[in-house]
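Remarks on the overall topology
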Amino acid sequence: MSRFSNLGHRLYQGEVSFDFVGRRKLWYSISGVIVLVAAIGLAMGLHLGIEFKGGSVYTVSKPGLSVSQAQDAADKIVSSHPLVQSVDDGKKIRIQVSSEDNVSSSVFTDKLSKEIGVPVAEIDTQVIGPSWGEQISKKALTGLIIFMVLVTAYLAIAFEWRMAVAALVALIHDLLITIGVYALVGFEVTPGTVIGFLTILGYSLYDTVVVFDTVKENTKGLTKQNKLTYSEAANAGLNQTLVRSLNTTVVALLPVAALLFIGGGLLGAGTLNDISLALFIGLAAGAYSSICVATPLLAQLKEEQPEMKALRKRVLQHRAAAAAKAAATPEGEEIADEDLPAGMVGQRGRSAGTSRAKGRPSTKR
């Protein structure tokens, strides 16, 4: 852990730097592949719960009745392979039948009673219409649109429109990946899933705004110097917040992973999967997008500005002149740090050191 904290300090001081912005084509390609796979999953369709498409829920309490026995009995009545789950610590069995099966609740209850040997009176029946799910979907979509409008306005005012665009692209990127994974793994979409989708919006933007704030500080008065381009200054800000972003993401993922893999996986609490999978994928995608999508896209947009193009030209000219001066400097003569190109600061006295290595005596005692 001490090494990791030391890495964070070195990243903040600029002693170590990972070129995320310079490798934006690589990140764009990776994101493109992931989004394409997610789009294929969406094309296959989401597995909507009965809250969205309507149906009936039958709860049976019978000692010794297993999920497999109830599943076999339900499959004999309808052909859509109803969802059968164990609830209340295994004391009850719940069967969900979609409205697409066109089987009335009374008919299903009678046949189920005969198949599992339980009186009709002991089978609890609940009918759910699709209108409730439609209302939830519309309200969720309305909330999403309002959220994006407000976030765009805030980022445009607090930062600038290019940062707002980059943040929104990263946000849409995270939502597409999360929804696509849901479609691919076949998890049922329930109201809990919708809550998870809406919750990750804030998490997805958190790291992005933190990075953008640092980038904004690093690029103040940038056009008045000739050592760094905008992309390099943005990459420096990204590196300064890198460890913080990773620590925040890991801490947030740990409880969500416990819900998903231990609660939903090992303990069989399937209802936890609805929200935990959306949070887990959304948090991971949000951390990736803030580092590899939002900031590189922002730098690309900013580099299109005339003043940033002029800055890049000046920086390259300055570095070429400094490199030529360094090549022409006689051995033993030091070069001022301000004349060195980026990456060579701190190399003063190299020629003098080289001369001493050749056998020239040092004046030090």
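Since this is a predicted model, take the numbers as computed values, not measurements. (Residues numbered from 1 in each chain as written. Predicted model: local features only at pLDDT ≥ 70, side-chain atom pairs only at ≥ 80, totals over all residues. Heavy atoms only, no water.)

Overview of the overall build of the protein chain
Each helix and strand in the protein chain was counted, giving 13 helices and 6 strands. Buried positions account for 40% of the 365 residues belonging to the protein chain. Element-wise, carbon and sulfur atoms account for 60% of the exposed surface of the protein chain, whose accessible area totals about 19800 Å². (Helix = DSSP H or I, 4+ residues; strand = E, 2+ residues; numbered from the N terminus. Buried < 20%, exposed > 50% of the residue type's maximum accessible area, 1.4 Å probe, protein only. Areas by Shrake-Rupley, 256 points an atom, 1.4 Å probe, with all protein chains shown as cover.)

Some thoughts on the layout of surface pockets
Taken as a whole, the largest pocket holds about 540 Å³ of empty space. For the lining of the largest pocket, the elements supplying multiple residues, two or more each, are β1 (47-48), α3 (50-53), β3 (83-87), β4 (92-98), β5 (123-128) and α11 (273-302). With 4 residues, β4 is the single largest residue contributor to the lining of the largest pocket. Partitioned by chemical class, the residues of the lining of the largest pocket number 8 nonpolar, 11 polar and 7 charged. (1 Å grid on protein atoms, 1.4 Å probe; cavity = no way out; pocket = protein on both sides within 12 Å on 5 of 7 lines; lining within 4 Å. Points joined across faces, edges and corners; volume = space filled by probe spheres on them. Nonpolar A, V, L, I, M, F, W, Y, C, P; charged D, E, K, R; others polar.)

Points about the sheet that holds strand β2 (residues 55-60)
The strand order across the open sheet built from 4 strands is β3-β4-β2-β5, with neighbouring strands paired in antiparallel fashion. Edge positions in the sheet fall to β3 and β5, since each has one partner strand and no second. With direction set aside, neighbouring strand axes in the sheet form an average angle of 20 degrees. Bridge count between β2 and β4: 6 bridges; the pairing is antiparallel. From the neighbouring strand, S56 faces β4, where its bridge partner is V97. (Pairing = 2+ DSSP bridges. Axes fitted to C-alpha atoms, helices over the stretch in contact; angles between N-to-C directions.)

Considerations on α11
Turn by turn, an α-helix covers 3.6 residues, leaving residues three or four places apart pointing in a common direction. The first and last C-alpha atoms of α11 sit 41 Å apart over 30 residues, in line with the 44 Å expected at 1.5 Å per residue. The sharpest bend along α11 reaches about 50 degrees and sits at S289. The element α11 is extensively covered by neighbouring structure, given that 24 of its 30 residues are classed as buried. (Expected span 1.5 Å × (residues − 1). Bend = angle between axes of the 7 residues up to and from the residue.)

Details of helix α2 (residues 24-44)
Between its first and last C-alpha, α2 extends 30 Å over 21 residues, near the 30 Å set by a 1.5 Å rise per residue. What α2 keeps buried is the set W27, S31, A38 and G41. Taken down its axis, α2 places every buried residue within 75 degrees of arc, on the same side. Away from the buried face of α2 by more than 90 degrees, exposed residues K25, V33, L36, A43 and M44 are located. (Arc of directions from axis to C-beta.)

As for the packing of aromatic side chains
Where two aromatic rings form a pair, the distance of their centres and the angle of their planes describe that pair. This structure, assessed with the given rule, holds 4 aromatic pairs. On the numbers, 6.2 Å between centres and 55 degrees between planes, the contact of F18 with F20 is tilted. Measuring from centroid to centroid gives 5.5 Å for Y182 and F197, while their planes differ by 75 degrees, and the two rings are edge-to-face. Of the two residues, Y182 is situated in helix α7 (residues 161-185) and F197 in helix α8 (residues 191-218); the sequence distance between them amounts to 15 residues. On the accessibility criterion, Y182 (1% relative accessible area) is buried. Residue F197 is classed as buried on the basis of its relative accessible area, which comes to 12%. Through a chain of ring-to-ring contacts, three or more aromatic side chains come together here, namely F18, F20 and W27. (Phe/Tyr/Trp six-rings, centres within 6.5 Å; stacked < 30°, edge-to-face > 60°.)

Some points on the packing of α7 against α11
The axes of two packed helices give the description: the angle between them and the distance between them. Put simply, α7 and α11 touch, their axes get as near as 7 Å, and they point 145 degrees apart. In this structure, α7 crosses over α11, and the sense of that crossing is right-handed. Residue composition of the contact of α7 with α11, grouped by class: 20 nonpolar, 6 polar and 4 charged. (Left-handed = near helix turned anticlockwise from the far one by under 90°.)

Structural notes on the pattern of salt bridges
Taken as a whole and judged by the stated rule, the model has 7 salt bridges. The partner of E160 in a salt bridge is K302, and the shortest N-O contact between them spans 3.1 Å. Placement of the pair is E160 in the loop between α6 (130-158) and α7 and K302 in helix α11, with a sequence separation of 142 residues. Of the two residues, E160 and K302, neither departs from the other in class, the shared state being buried. The partner of R319 in a salt bridge is E232, and the shortest N-O contact between them spans 2.6 Å. Of this pair, R319 sits in helix α12 (residues 306-328) while E232 is found in helix α9 (residues 230-240), placing the two residues 87 residues apart along the sequence. Taking the relative accessible area as the measure of exposure, E232 reaches 27% and is therefore partly exposed. What you see here is one network of salt bridges that share partners, running through E160, R162 and K302. (Salt bridge = Lys/Arg side-chain N within 4 Å of Asp/Glu carboxyl O.)

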